[in-house]
Amino acid sequence: MMTQVEHIGIAVKDLAVSNELFTKLLGVKPYKEEGVASEGVMTSFFQVGKTKIELLEGTSPESPITKFIEKKGEGIHHLAFEVENIYTEMERLKNEGFTLLNEVPKPGADNKLVCFLHPKGTNSVLVELCQNID
Ligand SMILES: CC[C@@H](C(=O)O)C(=O)SCCNC(=O)CCNC(=O)[C@H](O)C(C)(C)COP(=O)(O)OP(=O)(O)OC[C@H]1O[C@@H](n2cnc3c(N)ncnc32)[C@H](O)[C@@H]1OP(=O)(O)O
Ligand SMILES: [Co+2]
């Protein structure tokens with residue numbers, strides 16, 4: 001079961017510059033910065049009520065964030081839903097015909113296991129499932 005919008009991922013060219021911008025916009029500083037080498041990203045997280053804003057800067061030319069910015073420019077990159085059990089939810093969504101981009105949950109930022117759905121099957125919105133591993 002999906003329980004809430006966990007975060008909104010925003011692709012940015014320069015994390016330091018966007019951290020300043022979002023600190024002014026939201027009135028709070030990021031509560032953490034974290035690199036996820038396997039995804040080719042550096043991230044920062046802002047808490048907004050019960051949900052979060054995740055800023056992502058690509059750290060290599062092959063990074064999905066670098067490629068996204070080259071094609072579409074900076075902006076909303078993905079929508080992440082918190083799930084109670086990522087294995088059950090992946091199985092349910094697969095049976096519903098969605099295309100999983102990873103067959104096995106993988107480590108994400110902020111103590112999560114994550115899985116992505118291909119945007120071609122979700123009205124061009126990249127969807128991330130995430131489960132807390134705290
Ligand atoms: C920090 C970890 C984690 C967390 O804990 O929160 C993250 O959030 S990591 C975020 C970065 N990681 C990912 O995005 C992994 C999942 N993404 C992918 O596997 C790929 O990016 C992709 C979605 C499969 C696309 O890869 P690829 O096919 O190699 O790229 P193309 O540039 O050729 O795009 C093909 C097609 O898809 C469209 N596209 C790409 N990204 C998005 C997007 N974010 N939202 C919507 N659409 C997207 C792209 O425009 C192309 O469309 P067409 O041009 O119409 O063919
Ligand atoms: Co994310």
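What you see is a predicted model, and the numbers here were worked out from it, not measured in a lab.

Asker: So, the site of ligand 1: which residues are in play, and what are the values?
Answerer: The immediate surroundings of ligand 1 are formed by 25 residues, with Glu39, Glu54, His77, Ala109 and Glu128 found nearest. Lys67 is positioned such that a nitrogen or oxygen atom in its side chain is 3.0 Å from an oxygen atom of ligand 1. Ala109 places a main-chain nitrogen or oxygen 2.8 Å from an oxygen atom of ligand 1. Summarising the interface, the protein chains cover 75% of the accessible area of ligand 1, which totals 1100 Å² for the free molecule. For the shell around ligand 1, the secondary structure elements donating two or more residues are strand E3 (41-48), strand E4 (51-58), helix H2 (64-72), strand E5 (75-83) and strand E7 (112-117). By residue class, the composition of the shell around ligand 1 is 11 nonpolar, 7 polar and 7 charged.

Asker: With reference to specific residues and values, describe the environment of Thr66.
Answerer: Note on placement: Thr66 falls in helix H2. Sequence-wise, Thr66 and Val41 are 25 residues apart; in three dimensions their C-alpha atoms are separated by 8.9 Å. Excluding residues within four positions of it along the chain, Thr66 makes contact with Gly58, Thr59, Ser60 and Pro61. For Thr66, the side chain forms a polar contact with the main-chain oxygen of Ser60, separated by 2.7 Å.

Quick notes on the rules
- Residues numbered from 1 in each chain as written.
- Chains lettered and ligands numbered in written order.
- Predicted model: local features only at pLDDT ≥ 70, side-chain atom pairs only at ≥ 80, totals over all residues.
- Heavy atoms only, no water.
- Near = heavy atom within 4 Å.
- Polar contact = N/O pair within 3.5 Å; in protein donor to acceptor, adjacent residues only side chain to side chain.
- Areas by Shrake-Rupley, 256 points an atom, 1.4 Å probe, with all protein chains shown as cover.
- Helix = DSSP H or I, 4+ residues; strand = E, 2+ residues; numbered from the N terminus.
- Nonpolar A, V, L, I, M, F, W, Y, C, P; charged D, E, K, R; others polar.
- Contact = heavy atoms within 4.5 Å.

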